[in-house]
Amino acid sequence: MLNIVLKGHNYKYEISEFLRLFTSSFDFIEDVDGGIFESQIEDSEDVKASELSCLANKLDIDLKDQKIYIQSTTYAYEYGLRVYYKSTQDTIDLKEKKFANNQKKIDNRVKTISKRLIQRSMFDYLNDKYDANVPWGILTGIRPVKLIHSHLDEGIDESTIRDTMKREYLISDEKLDLIIDIAKRERPYIYPLDGDKISLYVSIPFCPTRCLYCSFPSNALGIQGSKRGQYVDTLLVEAEGLADIITKQGKTIESFYIGGGTPTALEAHDLDRLITGLFDIFDLSRIEEFTVEAGRPDTITREKLLVLKKHGVGRISINPQTMNQVTLDKIGRRHSVEDIVDCFNMARELGFDNINMDLILGLPNETPDMVAHTMNTIVGLNPENVTVHTLALKRASDLKINIEDYEDELTSYRQMVEMIKISRDAMAQNGYNPYYMYRQKHMLGNLENIGYAKEGKECLYNMQIMEEKQSNYAIGAGAVSKFVYLDENRIERVDDVKDLDHYLSRVDEMIEKKRREVEKNEN
């Protein structure tokens, strides 16, 4: 057990998240004697000497008692654009930005730097103690590629970016190569930035059954399926309200994405009615991409695919998650591997030439050999996109709620690393490039999700939503709109309620929330 004492700060949550990269066996205890140990950090071999000149936070390590003492000395700083640490003559320059003179924003910047220094100071000790392999270093954010874009936006050259990322975040060369490669691949699609362009998302929160790992807003057809028609009616009401807002703003919809849940859980006539209505309500004449998550094979029919084809859907997803039948059965999928292949071939027959397939690594009882089988089968189908997720133990999922029943079936860290390597090698060897990525909280191994695509088949919506350089207007139960204010480097979220019945009865409120956000910032 590792015992932790915090001194001079209250970063308990951040320190907890960081420690979980190495071990789950730790506890926070009270500082009994009220002071730090006599042995100072300068005498510890666990912290590099090169770090000492810029440390704003002191770290004492008592190896005998296995206690880590963290002493913050970030007490004093001056207002303005330069922050002074009491323990050093060094200064940190803050970039000139709107609201930079705001006290709270300066406080937040100081805290960010302080937390990073604490984590970096602890890293080598924890890495050695637990014989860990932590390729992302201290980088715990969910959008690492955004950091690369920020540096590139400032005109910093690639060599300097590499040096900075390795020094500040202790990231491995492998992961650094990955995020730099992705950033360079994304930039022609995202830049130049245009605040007048937006993406549109429509949420369909229905599924045949709820998968074991799922935390998305999803309503099983056996329980709520009778409300699908009413849901489409209500969606179109919200669409009318949102279209009015978009028109008054003079925004242009660049990409259009219908997701879920499983959109093809709708009956064909409701799917047709929904898309017809959306094209009547919104000006979608200038969209560059139209994606629908066809999703689970047990919802896909020829009739529904013909509806999508009729409306000009250019990109669909057929999401197996795994090509191992025993795993499909365990996670609650009521279809076979053969059903996946049949749906894919049917879509090809109908002329769909941009198909994505989602996979999840680390599903209960899966082995690296099973992942290799999945990758070989997917490569044989030759989809244009493959999105490879690492299993995340989401709080609202049945897997997390009943975790004690599955603990012995979860993938070990080293196996997860092997699985990711298998997937990356399969993609690289068959002409797929990584083009977007993100990380989630509670992911096994603190690793990553990567979207791969054949050259020229990258999904514009995925890149925009991940890098948050464009506003995403969203409607439907559980949908989250993100209003991006480029000139202020600020993002505001407006959530629609997740509960289906609440959404059906409160849709006017959902419209008004978005209207208030827009009007507030216009004024």
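Cut-off values and rules
Residues numbered from 1 in each chain as written. Predicted model: local features only at pLDDT ≥ 70, side-chain atom pairs only at ≥ 80, totals over all residues. Heavy atoms only, no water. Helix = DSSP H or I, 4+ residues; strand = E, 2+ residues; numbered from the N terminus. Buried < 20%, exposed > 50% of the residue type's maximum accessible area, 1.4 Å probe, protein only. Contact = heavy atoms within 4.5 Å. Areas by Shrake-Rupley, 256 points an atom, 1.4 Å probe, with all protein chains shown as cover. Pairing = 2+ DSSP bridges. Right-handed = clockwise from strand over helix to strand, strands pointing away. Phe/Tyr/Trp six-rings, centres within 6.5 Å; stacked < 30°, edge-to-face > 60°. Salt bridge = Lys/Arg side-chain N within 4 Å of Asp/Glu carboxyl O.

1. Notes on the overall build of the protein chain
For the protein chain, the helix and strand inventory stands at 18 helices and 19 strands. The proportion of buried residues among the 523 residues of the protein chain is 55%. Summarising the internal contacts of the protein chain: among those between residues at least 6 apart in sequence, 72% fall at separations of at least 24. Element-wise, carbon and sulfur atoms account for 46% of the exposed surface of the protein chain, whose accessible area totals about 23,300 Å².

2. Considering the pairing of strand β10 (residues 252–260)
Where burial is concerned, most of β10 is hidden: 9 out of the 9 residues are buried. Summarising the sheet, strand β7 (residues 197–204) and β10 pair through 8 bridges and their orientation is parallel. Within β10, the residue paired with V202 across the bridge is I258. Strand direction decides the pairing type here: β10 and strand β11 (residues 289–295), joined by 4 bridges, are parallel. Following the sheet pairing, S255 is matched in β11 by E289. As for the winding sense of the linkage, the β-α-β connection from β10 through helix α9 (residues 268–281) to β11 is right-handed.

3. Digging into the packing of aromatic side chains
The tally for this structure, following the rule as stated, stands at 14 aromatic pairs. Ring plane angle 25 degrees and centroid distance 4.5 Å describe the contact between Y257 and Y461, whose orientation is recorded as stacked. Residue Y257 is located in strand β10, and its partner Y461 is located in helix α16 (residues 460–467); the two are separated by 204 residues in the primary sequence. With a relative accessible area of 6%, Y257 lands in the buried category.

4. Considering the pattern of salt bridges
Under the counting rule described, the total for this entry stands at 37 salt bridges. Linking R116 and E168 is a salt bridge whose minimum nitrogen-to-oxygen distance equals 3.3 Å. Of this pair, R116 sits in helix α3 (residues 103–129) while E168 sits in helix α5 (residues 158–169), and the two are 52 residues apart along the sequence. By the burial criterion, R116 is buried, and E168 matches it. A salt bridge links K520 to E517; the nearest nitrogen and oxygen atoms lie 3.1 Å apart. Of this pair, K520 and E517 both sit in helix α18 (residues 507–522), 3 residues apart, which is roughly one turn of the helix. Exposure remark for E517: the relative accessible area of 6% places this residue in the buried category.

5. A look at the pairing of strand β17 (residues 471–475)
Most of β17 sits inside the fold, with 5 of its 5 residues counted as buried. Both faces of β17 are covered, namely the face carrying S471, Y473 and I475 and the face carrying N472 and A474. With 5 bridges joining them, β7 and β17 adopt parallel strand pairing. Looking at the pairing, V202 lines up with I475 of β17.

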